[in-house]
Amino acid sequence: MTELNDMPPEELQRHGHDVFDWIARYFGEIEELPVLSTALPGQVAAKLSGPMPEQGSGFDSIMEEFERTLLPGITHWNHPAFMAYFGITASGPGILGEALAAALNVNAMLWRTSPAATELEEVTLDWLRQMVGLPDAYRGHLQDTASTSTMVALAAAREAAGIDVREQGLAGRDLPRLKVYCSEDAHSSVDKAAVTLGIGLENVRRIPMDRRHRMRPDALAAAVANDRLTGALPIAVVATAGTTSTTAVDPIDEVAEVCERENLWLHVDGAYGGSAAILPELRHLFIGWERADSIVINPHKWLFVPIDCSALFLRNPELLRRAFSVLPEYLVTPEGSSVTNLMEYGPALGRRFRSLKLWMTFCYFGRQGLADRIAEHIRLAQQFAEWVGEEEGWVVAAPVPFSTVCFRCEPPELDPAAVERINSDLLERINSTGEVFLSHTRIGGKFTLRIAIGNIRTEERHVRRAWELLRACAKEVQ
Ligand SMILES: *Cc1c(COP(=O)(O)O)cnc(C)c1O
């Protein structure tokens, strides 16, 4: 019955070599590919249309189809000129770790379903905790994304609020409205968590920001007081360390003050910015986060680990366990409470062996290697901001604490409507070159360009080229 077996080992070895040759070639030639896919909607699906193959085919022909049909529909996040949103990187060690994790294919749901997967997760996250300077008390858990980490953290906050939603649910009870607070620029994942957890979008209070786009603690305190007066139940505050729009850092220490006084859960969203706490010279931005109940940092964002990999730290992991632990008989093991069973700390039972790629990336680069790369990205962003600031008709639109610059082309002779049009046309124009990919945000209602440096392969020449292209494209759209 050999025909019912998997791909034979010799074949796996041969194609494995081919795939890794392909990957190495890909990185060698990536700069010749358009960073932003030029595929039109439906184009990829149309090429794949037709029935599912009745009979299997050789892997060579599958690879050919991958190159021919799928590759044109790929936006190259690994391209050194990918500077939109927040850059992410599949580093070499991360890719190898991901491949090995797929090969082992362990499910890290229980300690005994792979002790190494659980213990490596505990060890690597403790390394991360130490790298970013958080106190010993914090325990880390890997989730897929920051959106899940924040949702899970807010579920723990809801549990900690003592209203027993776990047992009784939310509907059909006499409960006050639950309130969650975050800044106007906090990530949409806070809204999604409110939707998922039955808190409701109306109960996410967006707190006004100061001129540097940071949550105003006085406005937070006022909102909480006001909500208490109306009979609502404030449960949590999400402070952001590096907002997605401008990378502003909320005054975490002052927000923590309010949380402690009001007995509110403090969650810090450092999905992007948190990694920069590896640099001692930037620690001052994070003062107060050691008072948080939970903190999320995404190694898949700025620590060169392939997506997905999000680290959620909790000061009291027992609250997370209380929120999510359900233990049916078929999951009971003789180790009992002498071990950690990670499935108790989130909504999923099955868990990928994500810590393997994290560990391999950490070991390969070392703390110093990671810190040097993050410092270089910040240097490049400061450099870019300097070029923009010195150029007539261009402005830097927000402070630059990390590696992201918000900026606008503002020719002095043009009226505001024309300036708006120029900036949005400029973005389309530069992205259509295929040489660089930028994105935008809105600051004070104004369309603002945004360059985010975070890919491990980005060098000064790529940032310089982006600036050259921006100036050239700006002339074309005026
Ligand atoms: C990217 C980002 C998120 C969402 O991250 P995912 O891992 O994609 O869910 C949340 N918050 C901030 C501040 C981010 O920058």
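Summarised in this report is the structure supplied together with it. (Residues numbered from 1 in each chain as written. Predicted model: local features only at pLDDT ≥ 70, side-chain atom pairs only at ≥ 80, totals over all residues. Heavy atoms only, no water.)

Some remarks on the sheet that holds strand E8 (residues 394-396)
One open sheet accounts for four strands, arranged E8-E9-E11-E10; its pairing is antiparallel. In this open sheet, the two strands that pair with only one neighbour each are E8 and strand E10 (439-443). Within this sheet the neighbouring strands show an average axis-to-axis angle of 40°, counted without direction. Relative to strand E9 (residues 404-409), E8 runs antiparallel, the two sharing three bridges. For Val395, the partnering residue across the bridge sits in E9 and is Arg408. Together, E8, E9, E10 and strand E11 (446-452) form the strand contacts of helix H14 (residues 416-432), whose direction differs from that of E11 by roughly 35°. Along the sheet, helix H15 (residues 460-477) contacts E8, E9 and E11; its crossing angle with E8, the most-contacted strand, is approximately 135°. (Pairing = 2+ DSSP bridges. Helix = DSSP H or I, 4+ residues; strand = E, 2+ residues; numbered from the N terminus. Axes fitted to C-alpha atoms, helices over the stretch in contact; angles between N-to-C directions. Contact = heavy atoms within 4.5 Å.)

Some details on the site of the ligand
Taken together, 14 residues lie near the ligand, and Ala146, Ser147, Asp269, Asn298 and Lys301 sit nearest. A distance of 2.6 Å is found between a nitrogen atom of the ligand and a side-chain nitrogen or oxygen belonging to Asp269. Within the contact set of the ligand, an oxygen atom lies 2.8 Å away from a side-chain nitrogen or oxygen of Asn298. For the ligand, whose accessible area on its own is 380 Å², the fraction buried by protein is 87%. When contributions to the shell around the ligand are tallied by element, the ones reaching two or more residues are helix H6 (146-160) and helix H11 (299-302). Looking at side-chain class alone, the shell around the ligand contains four nonpolar, eight polar and two charged residues. (Near = heavy atom within 4 Å. Polar contact = N/O pair within 3.5 Å; in protein donor to acceptor, adjacent residues only side chain to side chain. Areas by Shrake-Rupley, 256 points an atom, 1.4 Å probe, with all protein chains shown as cover. Nonpolar A, V, L, I, M, F, W, Y, C, P; charged D, E, K, R; others polar.)

Describing the sheet that holds strand E2 (residues 178-183)
Read across the open sheet, the seven strands follow the order E1-E7-E6-E5-E4-E2-E3; overall the sheet is mixed. One side of each edge strand has no neighbouring strand; the edge strands of this open sheet are strand E1 (139-143) and strand E3 (204-207). Geometrically, the sheet is characterised by an average inter-axis angle of 20° between neighbouring strands, direction not taken into account. Pairing between E1 and strand E7 (residues 310-314): five bridges, direction antiparallel. Across the sheet, Gln143 pairs through a bridge with Ser310, a residue of E7. Sitting on the sheet, helix H9 (residues 217-229) is in contact with E2, E3 and strand E4 (233-240), with an inclination near 150° to E3.

Section: the packing of helix H4 (residues 92-104) against helix H13 (residues 355-390)
Relative orientation of the contacting elements H4 and H13 amounts to 150°, with a least axis distance of 8 Å. Compared by their axis directions, H4 and H13 come out roughly antiparallel. Once H4 is placed against H13, the crossing between them reads as right-handed. Residues Pro93, Gly94, Leu96, Gly97, Glu98, Leu100, Ala101 and Leu104 of H4 form the contact with H13, whose own contacting residues are Leu356, Lys357, Met360, Thr361, Tyr364 and Phe365. Of the residues assigned to the contact of H4 with H13, the class counts are nine nonpolar, three polar and two charged. (Parallel < 35°, antiparallel > 145°, perpendicular 65-115°, else oblique. Left-handed = near helix turned anticlockwise from the far one by under 90°.)

Regarding H15
Structurally, the α-helix is built with 3.6 residues per turn, so residues lying three or four positions apart point the same way. For H15, which comprises 18 residues, the first-to-last C-alpha distance of 26 Å matches the rise-based estimate of 26 Å (1.5 Å per residue) to within 8%. Those residues of H15 lying buried are His462, Val463, Ala466, Trp467, Leu469, Leu470, Cys473, Ala474 and Val477. Along the axis of H15, the buried positions cluster into a sector of 165°, meaning they face one direction only. Against H13, E8, E9, H14 and E11 lie the buried residues of H15. (Expected span 1.5 Å × (residues − 1). Buried < 20%, exposed > 50% of the residue type's maximum accessible area, 1.4 Å probe, protein only. Arc of directions from axis to C-beta.)

Focus: the layout of surface pockets
In this structure, the largest pocket occupies an estimated 630 Å³ of space. The wall of the largest pocket is formed by 23 residues, among which Val19, Phe20, Ile23, Ile95 and Ala99 lie closest to the centre. For the lining of the largest pocket, the elements supplying multiple residues, two or more each, are helix H1 (9-29) and H4. Counting residues per element, the lining of the largest pocket draws most heavily on H1, which supplies ten residues. (1 Å grid on protein atoms, 1.4 Å probe; cavity = no way out; pocket = protein on both sides within 12 Å on 5 of 7 lines; lining within 4 Å. Points joined across faces, edges and corners; volume = space filled by probe spheres on them.)

Focus on the packing of aromatic side chains
Summed over all chains, the structure comprises 19 aromatic pairs. For the ring pair Tyr272 and Phe402, a centre distance of 5.8 Å and an interplane angle of 90° mean the geometry is edge-to-face. Remark: Phe402 occurs in the loop between E8 and E9 and Tyr272 occurs in the loop between strand E5 (265-270) and strand E6 (294-297); sequence separation between them is 130 residues. You can call Tyr272 buried: its relative accessible area is 4%. (Phe/Tyr/Trp six-rings, centres within 6.5 Å; stacked < 30°, edge-to-face > 60°.)

Quick look at the nonpolar core
Core analysis: the largest hydrophobic core is formed by 54 residues, its most contacted members being Leu266 and Trp289. When residues of this core are traced back to their parent elements, those giving at least two are helix H5 (115-131), H9, E4, helix H10 (252-262), E5, E6, E7 and H13. Examining the composition of this core, we find that seven residues originate from one element, H13, more than from any other. Apart from residues lying up to four places away in sequence, Leu266 is in contact with Val237, Ala239, Ile252, Val255, Ala256, Cys259, Ala292, Asp293 and Ser294. In terms of nonpolar packing, the next biggest core, distinct from the first, is built from 33 residues, Ala156, Val165, Ala194 and Ile235 among them. (Core = buried A, V, L, I, M, F, W, Y, C linked by side-chain atoms within 4.5 Å.)

Observations regarding the pattern of salt bridges
Per the counting criterion, the structure on display carries 34 salt bridges. Residues Glu460 and Arg464 are paired through a salt bridge, measuring 2.7 Å at the closest nitrogen-oxygen approach. Here the residue Glu460 and the residue Arg464 both occupy positions in helix H15, the gap between them amounting to four residues, near one helical turn. Under the relative-accessibility criterion, Glu460 is labelled partly exposed at 23%. A single network of salt bridges, built from pairs that share partners, joins Glu98, Asp308, Arg352, Arg354 and Lys357. (Salt bridge = Lys/Arg side-chain N within 4 Å of Asp/Glu carboxyl O.)

Examining the state of the cysteines
The tally for this structure, following the rule as stated, stands at zero disulfides. You can see Cys182 has no disulfide; the closest cysteine sulfur is in Cys259, sitting 12 Å from it. Under the relative-accessibility criterion, Cys182 is labelled buried at 0%. In this structure Cys363 is not part of a disulfide, and its nearest cysteine sulfur, from Cys309, lies 14 Å away. (Disulfide = S-S within 2.5 Å.)

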